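Each chain is listed here by its residues.
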Amino acid sequence: MQRRSFLKAGLGCVGLGGAAFRHVQAHDDEPRAPGEPDRVPIQKRICLFTDHLDDFDYGFDEVAKMLRELGVAGPDLTVRPGGLVAPERVADDLPKAVAAFREQGLSVPMISTGLTSAEDPAARPTLTTMARLGIGYYKLGYYAYEDPGGWQARLAVVRREVDGLAQLGRPLGVRAGFHNHAGPFVGGALWDSWNVLQPMDSRAVGFYFDPAQATIEGGKHAWKLNFQRIAPRLVMVAIKDFVWEEVDGRWQTRWCPLGEGMVDWTAFFGLLAAVPFDGPVSLHIEYDPGGANRAARFENSLAAADRDLKFLRQHLDAALAPAQSAPNGDRHR
């Protein structure tokens, strides 16, 4: 299938609900069943990760108005400790959040959780509530490597935990995403999470690919190979950028606006355009937008998101055009 026809597929609109995200088909040469929703083009599947708004006590209605102004599909809503929705209140507060976003003509395409086990008291209420509300995707929590030398035993434990969540979510029609967080976490290398997920039902759990985190762990070429390996089970994408910098004699990463960092966006979107993918694209404002009070934080967050969305949309538009038309002729920008 040609990449232009894949990315252009569909006639969806910004306000589509989670059920439409969950059931769209990936290939535009396949027939749709009667009543199946139109395929949603990737430009209409962008959501904003709400993590940078968690600490300022914003109401759901305030966040919804910000996202409506930005013109995104909706939030990647934090439903985890310290998030906009507290896990212990998910059955009561997630419906309120969804109602606030729908009132602004938005959906909730996905949520980010801290769930790592079906035994978590919040697991069943979270998955059943999101399923009832039509939210099709959720991000898993993180599984740390406590002892790198015991990686095989650790993967066996993680496989059991993830499979438990997959078994819980599969009959509900919700799909988990395993994020490739850099550092001492399962999934940072991507071969390890592939090992964990490979035997599981792809309708219940897949990969949540983050090109920035993948570049941190495999900056020159390995991130491309890793993406190719997991692409058949890609369910979500995270968008952020970073730089390496030396601080007190040690090299570390710092998040930055899109296009100011190390991620090769032209290469990434070229790869993304070549594979079937119908899930949400979550834009992350990981760098501090600034603002000493709620009002200033709100305005600065809006400006940062607007700037990064323009960059993201420019590169998505370029992916629809002939391959040689990189934005501004620059590999990154």
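Residues numbered from 1 in each chain as written. Predicted model: local features only at pLDDT ≥ 70, side-chain atom pairs only at ≥ 80, totals over all residues. Heavy atoms only, no water.

### With respect to the pairing of strand 6 (residues 205-209)
Strand 6 sits mainly inside the fold: five of its five residues count as buried. Across four bridges, the pairing between strand 5 (residues 175-179) and strand 6 is parallel. When the sheet's bridge partners are listed, Ala176 is paired in strand 6 with Val205. Crossover connection from strand 5 via helix 7 (residues 191-197) to parallel strand 6: handedness right-handed. Where strand 6 lies against strand 7 (residues 234-239), three bridges are found, and the strand directions are parallel. Bridge assignment links Phe207 to a residue of strand 7, and that residue is Leu234. (Buried < 20%, exposed > 50% of the residue type's maximum accessible area, 1.4 Å probe, protein only. Helix = DSSP H or I, 4+ residues; strand = E, 2+ residues; numbered from the N terminus. Pairing = 2+ DSSP bridges. Right-handed = clockwise from strand over helix to strand, strands pointing away.)

### Side note on the nonpolar core
Core analysis: the largest hydrophobic core is formed by 92 residues, its most contacted members being Leu77, Tyr138, Val162, Phe227, Ile239 and Phe268. The greatest single-element share of this core, amounting to nine residues, is contributed by helix 11 (residues 294-320). Apart from residues lying up to four places away in sequence, Val162 is in contact with Leu140, Tyr143, Phe178, Val196, Leu197, Met200 and Val205. In this structure, Met110, Tyr137, Tyr208 and Met236 belong to the second largest nonpolar core, which totals seven residues. (Core = buried A, V, L, I, M, F, W, Y, C linked by side-chain atoms within 4.5 Å. Contact = heavy atoms within 4.5 Å.)

### Considering a nonpolar patch on the surface
A contiguous nonpolar patch, built from Trp244, Trp251 and Met262 and spanning about 370 Å² of accessible area, is present on the exposed surface. Inspection of the secondary structure puts Trp244 in strand 8 (residues 241-247). (Patch = residues over 30% accessible without salt bridge, like charges linked within 9 Å, V, L, I, M, F, W, Y side chains within 5 Å. Areas by Shrake-Rupley, 256 points an atom, 1.4 Å probe, with all protein chains shown as cover. Salt bridge = Lys/Arg side-chain N within 4 Å of Asp/Glu carboxyl O.)

### A few points about the pattern of salt bridges
Under the counting rule described, the total for this entry stands at eleven salt bridges. Here Asp93 and Lys96 are joined by a salt bridge, their closest N and O atoms 3.8 Å apart. You can see Asp93 and its partner Lys96 sitting in helix 4 (residues 90-103), three residues apart, about one turn around the helix. Overall, Asp93 belongs to the buried group, its relative accessible area being 12%. Put simply, Lys310 and Asp306 hold a salt bridge, and the shortest N to O gap is 3.3 Å. In this pair, Lys310 and Asp306 both sit in helix 11, four residues apart, roughly one turn of the helix. Residues joined in a network through salt bridges with shared partners are Arg89, Asp93 and Lys96.

### Concerning helix 5 (residues 123-132)
Residues that lie three or four places apart on an α-helix share one face, since the helix turns once every 3.6 residues. Buried within helix 5 we find Ala123, Thr126, Leu127, Thr129, Met130 and Ala131. At its buried positions, helix 5 is contacted by helix 4, strand 3 (110-113), strand 4 (137-139) and helix 6 (151-169). Following helix 5 by one or two positions, Gly134 has its phi on the positive side, about 80°.

### As for the packing of aromatic side chains
Per the counting criterion, the structure on display carries 15 aromatic pairs. On the basis of an interplanar angle of 75° and a centroid distance of 6.4 Å, the ring pair of Trp265 and Phe311 is categorised as edge-to-face. Highlighted residues: Trp265 in helix 10 (residues 265-273) and Phe311 in helix 11, separated in sequence by 46 residues. Geometry around Trp255 places Lys240 over its ring, the cationic atom sitting 5.4 Å from the centre. (Phe/Tyr/Trp six-rings, centres within 6.5 Å; stacked < 30°, edge-to-face > 60°. Lys NZ or Arg CZ within 6 Å of the ring centre and 35° of its normal.)

### Remarks on helix 4
In a regular helix each residue adds 1.5 Å, so 14 residues correspond to 20 Å; helix 4 covers 19 Å between its end C-alpha atoms and thus fits that length. Taken together, the buried positions of helix 4 are occupied by Val90, Asp93, Leu94, Ala97, Val98, Ala100 and Phe101. Here the buried residues of helix 4 occupy an arc of 160° about the axis, which is enough to place them on one side. Along its buried surface, helix 4 packs onto helix 3 (60-70), strand 2 (74-79) and helix 5. (Expected span 1.5 Å × (residues − 1). Arc of directions from axis to C-beta.)

### Side note on the pairing of strand 9 (residues 250-256)
Bridging between strand 8 and strand 9 involves seven bridges; their strand directions are antiparallel. Bridge pairing links Glu246 to Trp251 in strand 9. Hairpin connection from strand 8 to strand 9: two residues lie between these consecutive antiparallel strands, with Asp248 at a positive phi of about 55°.

### Some details on the packing of helix 4 against helix 5
Think of two packed helices as two axes; the pair is described by the angle between the axes and how far apart they sit. One way to put it is that helix 4 packs onto helix 5 with a least axis distance of 9 Å and a crossing angle of 30°. Judged by the angle between their axes, helix 4 and helix 5 are roughly parallel. In the crossing of helix 4 with helix 5, the sense of the turn from one axis to the other is right-handed. Residues Val90, Ala91, Leu94 and Pro95 of helix 4 lie in contact with helix 5, whose contacting residues are Pro125, Thr126, Thr129, Met130 and Arg132. Counted by class, the contact of helix 4 with helix 5 contains six nonpolar, two polar and one charged residues. (Axes fitted to C-alpha atoms, helices over the stretch in contact; angles between N-to-C directions. Parallel < 35°, antiparallel > 145°, perpendicular 65-115°, else oblique. Left-handed = near helix turned anticlockwise from the far one by under 90°. Nonpolar A, V, L, I, M, F, W, Y, C, P; charged D, E, K, R; others polar.)

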